[in-house]
Amino acid sequence: MTVNVFFAAKAERWPHYEMPLKDAIKSAGIDADVSPDFAPDQVDYIVYAPNSDVQDFTPFTRAKAVLNLWAGVEGIVGNKTLTLPLARMVDSGLTQGMIEWVCGHVMRHHLGMDTHIKGDAGVWAPSAPPLSWDRNVVVFGLGELGTACAQALAQFGFNVSGWSRSAKSVQGVDCLHGPDGLNDALARAEIAVLLLPDTPATTNTLNAKTLAQMPAGAVIINPGRGPLIDDDALLPALDTGHISHATLDTFRVEPLPKDHPYWAHPSVTVTPHIAAETRPKYSSLTIAENIRRGEAGEPFLHLVDRSLGY
Ligand code: NDP
Ligand code: OXD
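Residues numbered from 1 in each chain as written. Chains lettered and ligands numbered in written order. Predicted model: local features only at pLDDT ≥ 70, side-chain atom pairs only at ≥ 80, totals over all residues. Heavy atoms only, no water.

K.L.:
Mind laying out the domain arrangement of the protein chain, listing which residues take part and the relevant values?
P.N.:
You can read the domains of the protein chain as domain 1 (3-91 + 278-296) and domain 2 (94-270). Measuring from the centre of the C-alpha atoms in domain 1 to the corresponding centre in domain 2 gives 33 Å. Listed per partner, the contact involves nine residues of domain 1 and six residues of domain 2. A buried area of about 660 Å², summed over both sides, lies between domain 1 and domain 2, and 48% of it is on carbon and sulfur atoms. The largest contributions to the domain 1 side of the interface with domain 2 come from Glu74, Val90 and Asp91, which together make up 58% of the buried area. Summed over the shared surface of domain 1 and domain 2, the number is one salt bridge. (Domains from an automatic or database assignment. Contact = heavy atoms within 4.5 Å. Buried area = accessible area lost by both parts, 1.4 Å probe. Salt bridge = Lys/Arg side-chain N within 4 Å of Asp/Glu carboxyl O.)

Right, here's the structure in full:
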């Protein structure tokens, strides 16, 4: 029987997804109609972006799962009309993109690239950076993306620690966890990379108290989510130099409002939520595999735990 796969994302995304999604689902051996236009009660799977117009899932009476195109699920996990299984996006392209973005920004700060590239004209002021072996980097969040980034940073030679909710073992990474592990993680974080999900438990992970626990001159890199940082605590910490720089890709309000102090702050780099893209070519493979699983009666991959919110 033909499976109906409903593409519920912004209309402008459909031309990018149509062929990769159709090809991947066909290659997974599934006979499917894939379209952004279906009567809700005819839909078997919903390929979903949380900024879609679809916010009420009750009319999707025969659907078997919602397959999120984003890694972050804070925009859907609390939707009371959603009782179907919810899978989030994990794909090789997303992970590789995040590794490249995180390592690039860690290297910028580790090597002091801004100082040496933009140095005052005519002033020859050598100041060698420490080697990666002598630099402590902490990745907050050791999930799909955090683990991959932590391991890539360890390959460069950094002293890498990671912090997660539950205990972990990751080769080359000193793993800390839970509220007790947070104090150690903060104290080590000369460079902090935030790859936590946005949940009630992670809101303001970096606040006035925890920022004060970080080493003087620490750098923060946040490709995770805006609410992980209390902005009203970060700005004064940047002003005093206790935090020497923040490279921020995610914000409480996106796009970041034009009058937000981050834009003009000399110690802040703003990037427009581009750390890692969901690319149709790779994400379609994850979607297709989950549809294959659904049809074969196998467990879905990457299911979200609604009680934890990620
Ligand atoms: P995962 O769900 O795989 O990993 C989340 C990690 O955070 C896990 O290690 C988890 O711990 C940890 N965590 C969750 N809650 C807590 C807590 N209360 N205390 C300590 N640790 C906690 O997510 P991903 O790695 O796939 O993605 C991480 C986030 O990156 C996404 O949620 C999204 O917000 C963001 N993202 C940003 C993108 C961008 O372009 N800027 C692109 C893609 C994702 P445990 O392992 O114990 O469960
Ligand atoms: C995601 C993101 O969650 O792009 O996938 O931020």
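K.L.:
Describe the site of ligand 1, and please don't skip the residues or the numbers.
P.N.:
Residues in close proximity to ligand 1 total 29 residues, the closest being Arg88, Ser166, Lys168, Pro223 and Tyr310. The backbone of Gly224 places a nitrogen or oxygen atom 3.3 Å from an oxygen atom of ligand 1. Within the side chain of Arg225, an N or O atom sits 3.3 Å from an oxygen atom of ligand 1. Surface burial for ligand 1 is 92%, taken as the share of its 940 Å² of free accessible area covered by protein chains. Contributing elements (two or more residues each) for the shell around ligand 1: α4 (144-156) and β7 (159-164). Ranked by residue count, the leading element in the shell around ligand 1 is α4, at three residues. Looking at the shell around ligand 1 residue by residue, the classes come out as 13 nonpolar, ten polar and six charged. (Near = heavy atom within 4 Å. Polar contact = N/O pair within 3.5 Å; in protein donor to acceptor, adjacent residues only side chain to side chain. Areas by Shrake-Rupley, 256 points an atom, 1.4 Å probe, with all protein chains shown as cover. Helix = DSSP H or I, 4+ residues; strand = E, 2+ residues; numbered from the N terminus. Nonpolar A, V, L, I, M, F, W, Y, C, P; charged D, E, K, R; others polar.)

K.L.:
Tell me what's going on with empty space enclosed by the protein, and back it up with residues and numbers.
P.N.:
A complete count under the given rule lists two cavities of 30 Å³ or more for this structure. Roughly 40 Å³ of volume is contained in the largest cavity. Together, Leu67, Asn68, Ala87, Arg88, Met89, Thr286, Ile287 and Asn290 line the largest cavity. Residue assignment for the lining of the largest cavity shows that the elements contributing at least two residues are β4 (65-68) and α9 (280-296). Take the lining of the largest cavity: its biggest share by element is three residues, from α9. Of the residues belonging to the lining of the largest cavity, the class tally is four nonpolar, three polar and one charged. Volume-wise, the second largest cavity comes out at about 30 Å³. Asn222, Gly226, Ile229, Asp231, Leu248, Thr250, Phe251, Arg252 and Tyr262 are the residues that line the second largest cavity. Considering only residue class, the lining of the second largest cavity consists of four nonpolar, three polar and two charged. (1 Å grid on protein atoms, 1.4 Å probe; cavity = no way out; pocket = protein on both sides within 12 Å on 5 of 7 lines; lining within 4 Å. Points joined across faces, edges and corners; volume = space filled by probe spheres on them.)

K.L.:
For unusual backbone geometry, give the residues involved together with the corresponding values.
P.N.:
At the junction of Glu254 and Pro255, the peptide bond is cis and its omega measures out at -5° in the coordinates. Despite not being glycine, His302 shows a phi value in the positive range, around 60°. With respect to the element layout, His302 can be found in the segment after α9. Judged by its relative accessible area of 25%, His302 is partly exposed. (Buried < 20%, exposed > 50% of the residue type's maximum accessible area, 1.4 Å probe, protein only.)

K.L.:
Could you give an account of the site of ligand 2, with specific residues and numbers?
P.N.:
Around ligand 2 lies a shell formed by Trp70, Ala71, Gly72, Arg225, His273 and Ala276. Here an oxygen atom of ligand 2 and a backbone polar atom of Ala71 are 2.7 Å apart. The side chain of His273 places a nitrogen or oxygen atom 2.6 Å from an oxygen atom of ligand 2. Burial of ligand 2 by the protein chains amounts to 85% of its free accessible area of 210 Å².

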